Amino acid sequence: MYYLFSFILCFIIVYLIYTLLITMRKKGLEKLKTGRQMHYFKTLYNLDENKLDIKKFAGSLALTNSIIISITFTVIIAFKSLLIGLIVGLIIIIPLMYISYKILGQTYKKKEGK
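Residues numbered from 1 in each chain as written. Predicted model: local features only at pLDDT ≥ 70, side-chain atom pairs only at ≥ 80, totals over all residues. Heavy atoms only, no water.

(A) Spatial organisation of the packing of aromatic side chains. Counted by the stated rule, this structure contains 10 aromatic pairs. Relative to Tyr15, the ring of Phe11 lies with its centre 5.9 Å away and its plane at 10°, an arrangement referred to as stacked. A residue pair is termed a helical-turn pair when its members lie 3 or 4 positions apart in one helix, as Phe11 and Tyr15 do in helix α1 (residues 2–23) at 4 residues. Plain terms: the ring middles of Phe57 and Tyr108 are 5.2 Å apart, the flat faces sit at 85° to each other, and that makes the pair edge-to-face. Placement of Phe57 in helix α4 (residues 54–78) and of Tyr108 in helix α5 (residues 82–113) is noted, with a sequence separation of 51 residues between them. Cation over ring: Lys111 sits above Tyr108, and NZ or CZ is 5.0 Å from the ring centre. (Phe/Tyr/Trp six-rings, centres within 6.5 Å; stacked < 30°, edge-to-face > 60°. Helix = DSSP H or I, 4+ residues; strand = E, 2+ residues; numbered from the N terminus. Lys NZ or Arg CZ within 6 Å of the ring centre and 35° of its normal.)

(B) Focus on the nonpolar core. Core analysis: the largest hydrophobic core is formed by 18 residues, its most contacted members being Phe41, Phe57 and Leu61. Of all the secondary-structure elements, those providing two or more residues to this core are α2 (26–34), α3 (36–45), α4 and α5. Element by element, the count of residues in this core is highest for α4, at 6 residues. Discounting residues that sit within four places of it in the chain, Phe41 has contacts with Asn46, Leu47, Phe57, Leu61, Tyr101, Leu104 and Gly105. (Core = buried A, V, L, I, M, F, W, Y, C linked by side-chain atoms within 4.5 Å. Buried < 20%, exposed > 50% of the residue type's maximum accessible area, 1.4 Å probe, protein only. Contact = heavy atoms within 4.5 Å.)

(C) Structural context of α1. In this model α1 runs 30 Å from its N-terminal to its C-terminal C-alpha over 22 residues, within 8% of the 32 Å that 1.5 Å per residue would give. What α1 keeps buried is the set Ser6, Cys10, Val14, Tyr18, Thr19 and Thr23. Buried-residue contacts for α1 involve α2, α3 and α4. (Expected span 1.5 Å × (residues − 1).)

(D) Structural context of a nonpolar patch on the surface. Residues Met1, Leu4, Phe5, Ile8, Leu9, Ile12, Ile13, Leu16, Ile17, Leu20, Leu21 and Met24 make up a contiguous nonpolar surface patch of roughly 1300 Å² in combined accessible area. One can find Ile8 in helix α1. Note on Ile8: relative accessible area 40%, which makes it partly exposed. (Patch = residues over 30% accessible without salt bridge, like charges linked within 9 Å, V, L, I, M, F, W, Y side chains within 5 Å. Areas by Shrake-Rupley, 256 points an atom, 1.4 Å probe, with all protein chains shown as cover. Salt bridge = Lys/Arg side-chain N within 4 Å of Asp/Glu carboxyl O.)

(E) Region of interest: the side chain of Thr72. Among the secondary structure elements, Thr72 is positioned in helix α4. Residue Thr72 is classed as buried on the basis of its relative accessible area of 8%. If we ignore the near neighbours within four places in the chain, the residues touching Thr72 are Gly89, Ile92, Ile93 and Leu96.

(F) View of unusual backbone geometry. One non-glycine residue, Asn46, adopts positive backbone phi at about 50°. Residue position: Asn46 is located in the loop between α3 and α4.

(G) Fine view of the environment of Ile12. Examined against the element boundaries, Ile12 turns out to sit in helix α1. On the basis of relative accessibility, which here comes to 41%, the residue Ile12 falls in the partly exposed class. Sequence separation of Ile12 and Ile67 is 55 residues, and the distance between their C-alpha atoms is 9.6 Å.

(H) Summary view of the confidence of the model for the chain. Residues with a pLDDT of 70 or more make up 98% of the chain, whose mean pLDDT is 88. Per-element confidence in the chain is highest for α4, whose mean pLDDT is 92, and lowest for α2, whose mean pLDDT is 81. (pLDDT = per-residue confidence, 0-100.)

Set out below in structure tokens:
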């Protein structure tokens, strides 16, 4: 129960911060358009920035990043040793990012095609 509460609390905090700093601010959306994450999606999934609704994409990205961070945080605190938790967290965050970003990129590529 403790880990579920920690996951939910971390998710809410990260999602709110990401939403307030990126999604709701015009300056944050402009930085997202020129940032590394957008460059990653443009090059790997050939997303057209003109066809993409940047606000919806930013919301989806905020949700995805919040889930990734929350899962990693929950895994880290599950270990008694902080060092082992950090090592496992580093190992788990890379596949989480790859899988989540792949799903997000393919989803937006399908939406773009319609």
